[in-house]
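Descriptive structure summary
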Amino acid sequence: MAEHRQLQQAALLDAARALLAEGGREALSFGALAARTGLARSSVYEYFRSKSELVEALCAVDLPLWAAEVEAGMAVRDSAVERIEAYVRGQVSLATDPVHRAVVAVAEYELDDAARARIRAAHAGLTATVVRTLEDLGHDRPGVAAALLQGVVEAAVRQAERIRGEDAAGAGAVREIADTAVRFALDGLRPADRGGERPAG
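Residues numbered from 1 in each chain as written. Predicted model: local features only at pLDDT ≥ 70, side-chain atom pairs only at ≥ 80, totals over all residues. Heavy atoms only, no water.

So, on to the overall build of the chain. The helix and strand tally for the chain stands at 10 helices and zero strands. Counting only C-alpha atoms, the chain reaches 70 × 40 × 30 Å along its principal axes. Here the chain holds 201 residues, and 35% of them are scored as buried. In the chain, the proportion of contacts linking residues at least 24 apart, taken out of those at least 6 apart, comes to 65%. Counting every atom, the chain has about 11,400 Å² of accessible surface; 53% of that belongs to carbon and sulfur. Positive and negative side-chain charges in the chain, numbering 24 and 30 respectively, have mean positions lying 3 Å apart. (Helix = DSSP H or I, 4+ residues; strand = E, 2+ residues; numbered from the N terminus. Buried < 20%, exposed > 50% of the residue type's maximum accessible area, 1.4 Å probe, protein only. Contact = heavy atoms within 4.5 Å. Areas by Shrake-Rupley, 256 points an atom, 1.4 Å probe, with all protein chains shown as cover. Lys, Arg positive; Asp, Glu negative; His and termini not counted. Charge placed at Lys NZ, Arg CZ, Asp CG, Glu CD.)

Moving on, we get to the packing of aromatic side chains. All chains considered together, the criterion is met by one aromatic pair. Positioned above the aromatic ring of Tyr109, the side-chain terminus of Arg25 is 3.7 Å from the ring centre. (Phe/Tyr/Trp six-rings, centres within 6.5 Å; stacked < 30°, edge-to-face > 60°. Lys NZ or Arg CZ within 6 Å of the ring centre and 35° of its normal.)

Let us now look at the environment of Ala145. Within the element layout of this structure, Ala145 appears in helix 9 (residues 142-161). The class of Ala145 is buried, set by a relative accessible area of 8%. Along the sequence, Ala145 and Leu63 sit 82 residues apart, while their C-alpha atoms lie 22 Å from each other.

Moving on: the pattern of salt bridges. Taken as a whole, this structure holds nine salt bridges when the rule is applied. For Asp113, the salt bridge is made with Arg116, and the minimal N-O distance between the two is 3.2 Å. Here the residue Asp113 and the residue Arg116 both occupy positions in helix 7 (residues 113-122), the gap between them amounting to three residues, near one helical turn. Here the residues in one salt-bridge network are Asp14, Arg17 and Asp62, joined through shared partners. (Salt bridge = Lys/Arg side-chain N within 4 Å of Asp/Glu carboxyl O.)

Let us look at the packing of helix 1 (residues 2-23) against helix 2 (residues 30-37). Following both chains from N to C, one finds helix 1 and helix 2 inclined at 115 degrees, their axes separated by 9 Å at the closest point. The orientation of helix 1 with respect to helix 2, classified from their angle, is roughly perpendicular. Of the two possible hands of crossing, helix 1 and helix 2 adopt the one that is right-handed. Two secondary-structure elements touch here, helix 1 through Gln8, Ala11, Leu12, Ala15, Ala16, Ala18, Leu19 and Glu22 and helix 2 through Ala32, Leu33, Arg36 and Thr37. Within the contact of helix 1 with helix 2, the residues separate by chemical class into eight nonpolar, two polar and two charged. (Axes fitted to C-alpha atoms, helices over the stretch in contact; angles between N-to-C directions. Parallel < 35°, antiparallel > 145°, perpendicular 65-115°, else oblique. Left-handed = near helix turned anticlockwise from the far one by under 90°. Nonpolar A, V, L, I, M, F, W, Y, C, P; charged D, E, K, R; others polar.)

Here the chain averages 85 in pLDDT, and 90% of its residues register 70 or above. Within the chain, the lowest mean pLDDT, 77, falls on helix 7, and the highest, 94, falls on helix 2. The model gives residues 194-201 a pLDDT under 50, and that stretch makes seven contacts with residues more than four places away or in other chains. (pLDDT = per-residue confidence, 0-100.)

Turning our eyes to something else, we now look at the environment of Arg120. Relative to the helices and strands, Arg120 is located in helix 7. By relative accessible area, which is 55% here, Arg120 ends up exposed. Distance from Arg120 to Pro64, taken between C-alpha atoms, is 9.8 Å for residues 56 residues apart in sequence.

Spelled out as structure tokens, the structure:
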């Protein structure tokens, strides 16, 4: 019974991803989930008591996977600078994924502050990786630098999310956003020398 319940929950989450990718947050309803999975609508409530609970479960599964994808891209880079670049590019690339875009959008609408805090806690591993990378770059306050870097990334992601279409023009526009964010981040993240000036180069 426990295995069946887990399989059914996974099927409902898969259906939620498909609905979000196809029609955005407005398409996600328990009626649509029931139709997509072949369950009675009342049966959906046996697995998730509300849409917010469903969305939190979706985020709890997917966001750590996406963070692990970014971490994996960083792990294969040799230098700290290359790892920062992979961190920026990985998140901008995720912004173009329709499922990622839709899940983030519905989470902002459906989840309360406590649920968002729980998700951020589950996402803390990626932040720790960035802090260690900034320590390798020589930052005295890597936590502050990581927060500022994430601000650059989030601004780039918002710009990338505005790009519609998967044609060459759209891909080129997203690549340009990522290139600009990488240059901005790396230039701003160079540690100051002892005299307070940035190192040349």
